[in-house]
Amino acid sequence: MKPTRSADAIILEPDGAADAAVIWLHGLGADGNDFLPIVPELNLPPEHRIRFIFPHAPMRPVTINNGMSMRAWFDILSLEKLSVQDEAGIRESQARIERYLSAQLAGGINAGRIVLAGFSQGGAIALHTALRYPLPLAGVLALSTYLPLHESFVQERHTANADTPILMCHGNADPVLPLALGAWSRDLLIAQGYPLRWEEYPMQHQVCGPQIAHISEWLQQRLSIKQAA
């Protein structure tokens, strides 16, 4: 799989025609290159037909980083007070990711063959967008993250994704987004009836080997990938 690069994203095409897609959103201050190396580590069967899309967030000033401009899906005003959130930025990124989803649909990939994934801030946008999306997706992969705009979530969530499987992974020593924040989001989603799998690891704000194995297993289940006989 050789990457195709543009100003907006990095795309990895499978060897054959794609019949599934994973849209994977990076964290604060990174870009689409951040999770590109994870694809070979997933050890997917060579016959898989997944297109991996790694969008770049736009550049914007980030309040908690002294207003420094960096790639960010939304401004972060505070990690202690979730009542203070950049709603306009979150909804702007939601619309941006929905355009990626629409492009996959227009290219012939069914919504039920698309996984929305993200790490940290990107995971927040993945959860926010997927659970409001009007077509049923294959799954949501949320790594070291939380559910933003939780106060409007119950009113805005779409029934199309009420049964969409969610895999949430978090490090129990995460100093950036504490485990309690991820667990709180997990409990909120479970209380609303979402089929959610929670995995916890002895790590900080990062990705580890056992987690990659769990992600691979989950993706293959969600996208019905089977090893060749």
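As a reminder, the structure under discussion sits directly above these lines.
For the structure given in this document, a descriptive report is provided here. (Residues numbered from 1 in each chain as written. Predicted model: local features only at pLDDT ≥ 70, side-chain atom pairs only at ≥ 80, totals over all residues. Heavy atoms only, no water.)

**Focus: the overall build of the protein chain**
Regarding its fold elements, the protein chain presents 6 helices and 10 strands. Since a compact globule built from 229 residues should have a radius of gyration of about 17 Å, the 16 Å found for the protein chain is in line with a globular shape. Principal-axis analysis of the C-alpha atoms places the extent of the protein chain at approximately 50 × 40 × 35 Å. Burial status across the protein chain gives 54% buried among its 229 residues. With the model as given, the accessible surface of the protein chain reaches about 9,800 Å², and the carbon-plus-sulfur share is 52%. (Helix = DSSP H or I, 4+ residues; strand = E, 2+ residues; numbered from the N terminus. Rg over C-alpha atoms; globule rule 2.2 N^0.38 Å. Buried < 20%, exposed > 50% of the residue type's maximum accessible area, 1.4 Å probe, protein only. Areas by Shrake-Rupley, 256 points an atom, 1.4 Å probe, with all protein chains shown as cover.)

**Comments concerning the side chain of His170**
The residue His170 is located in strand 9 (residues 166-171) in this model. Leave out the neighbours within four places in its chain, and His170 touches Ser144, Thr145, Leu177, Pro178, Leu179, Gly182, Trp198, Glu199, Glu200, Tyr201 and Met203. (Contact = heavy atoms within 4.5 Å.)

**Some details on empty space enclosed by the protein**
Scanning the entire structure with this criterion turns up 1 cavity of 30 Å³ or more. Taken as a whole, the largest cavity encloses approximately 60 Å³ of empty space. Along the wall of the largest cavity there are 11 residues; nearest its centre are Phe74, Ile76, Ser78, Gln85 and Tyr146. A class-by-class count of the residues in the lining of the largest cavity yields 7 nonpolar, 2 polar and 2 charged. (1 Å grid on protein atoms, 1.4 Å probe; cavity = no way out; pocket = protein on both sides within 12 Å on 5 of 7 lines; lining within 4 Å. Points joined across faces, edges and corners; volume = space filled by probe spheres on them. Nonpolar A, V, L, I, M, F, W, Y, C, P; charged D, E, K, R; others polar.)

**Quick look at the packing of helix 2 (residues 87-106) against helix 3 (residues 121-130)**
Interaxial distance between helix 2 and helix 3 falls to 9 Å at its minimum, and their mutual angle equals 70°. Between helix 2 and helix 3, the crossing angle belongs to the class labelled roughly perpendicular. Of the residues in helix 3, those touching helix 2 at Ile90, Arg91, Ser93, Gln94, Ile97, Glu98 and Leu101 are Ile125, His128 and Thr129. Of the residues that constitute the contact of helix 2 with helix 3, the class distribution is 4 nonpolar, 4 polar and 2 charged. (Axes fitted to C-alpha atoms, helices over the stretch in contact; angles between N-to-C directions. Parallel < 35°, antiparallel > 145°, perpendicular 65-115°, else oblique.)

**Structural notes on the nonpolar core**
Counting residues in hydrophobic clusters, the biggest one holds 45 residues, and the most contacted among them are Ile23, Phe74, Leu127, Ile166, Met168 and Leu189. Contributing elements (two or more residues each) for this core: strand 3 (20-25), helix 2, strand 7 (114-119), helix 3, strand 8 (139-143), strand 9, helix 5 (179-191) and strand 10 (196-201). Per-element tally for this core: the top contributor is helix 3, with 5 residues. Among residues more than four places away in sequence, those in contact with Met168 are Leu127, Ala142, Thr145, Gly182, Ser185, Arg186, Leu189, Leu196, Arg197, Trp198 and Glu199. Grouped together as the second largest cluster of nonpolar side chains are 31 residues, Val22, Leu141, Cys208 and Leu219 included. (Core = buried A, V, L, I, M, F, W, Y, C linked by side-chain atoms within 4.5 Å.)

**Structural notes on the layout of surface pockets**
Considered as a void within the structure, the largest pocket measures approximately 190 Å³ in volume. What lines the largest pocket is a set of 14 residues, among which Leu28, Ser120, Gln121, Val176 and His205 lie closest to the centre. A breakdown of the residues in the lining of the largest pocket according to their chemical character gives 9 nonpolar, 4 polar and 1 charged.

**Some points on the sheet that holds strand 7**
Taken together, 8 strands build an open sheet; the order of strands is 1-2-4-3-7-8-9-10 and the sheet is mixed. The open sheet has two edge strands with one neighbour each: strand 1 (3-5) and strand 10. The sheet shows a mean angle of 15° between the axes of neighbouring strands, direction not considered. Across 3 bridges, the pairing between strand 1 and strand 2 (residues 9-12) is antiparallel. Within strand 2, the position partnered with Thr4 by the bridge is Ile11. Each of strand 3, strand 7, strand 8, strand 9 and strand 10 touches helix 6 (residues 209-222); the most contacted strand, strand 10, lies at about 165° to it. (Pairing = 2+ DSSP bridges.)

**Some thoughts on the pattern of salt bridges**
As enumerated under the stated definition, the model contains 9 salt bridges in all. Note that Arg132 and Glu156 form a salt bridge whose closest N and O atoms lie 2.7 Å from each other. Of this pair, Arg132 sits in the loop between helix 3 and strand 8 while Glu156 sits in helix 4 (residues 150-156), placing them 24 residues apart in sequence. For Arg132, a relative accessible area of 7% corresponds to the buried category. Residues participating in the shared-partner salt-bridge network are Glu87, Arg91, Arg132 and Glu156. (Salt bridge = Lys/Arg side-chain N within 4 Å of Asp/Glu carboxyl O.)

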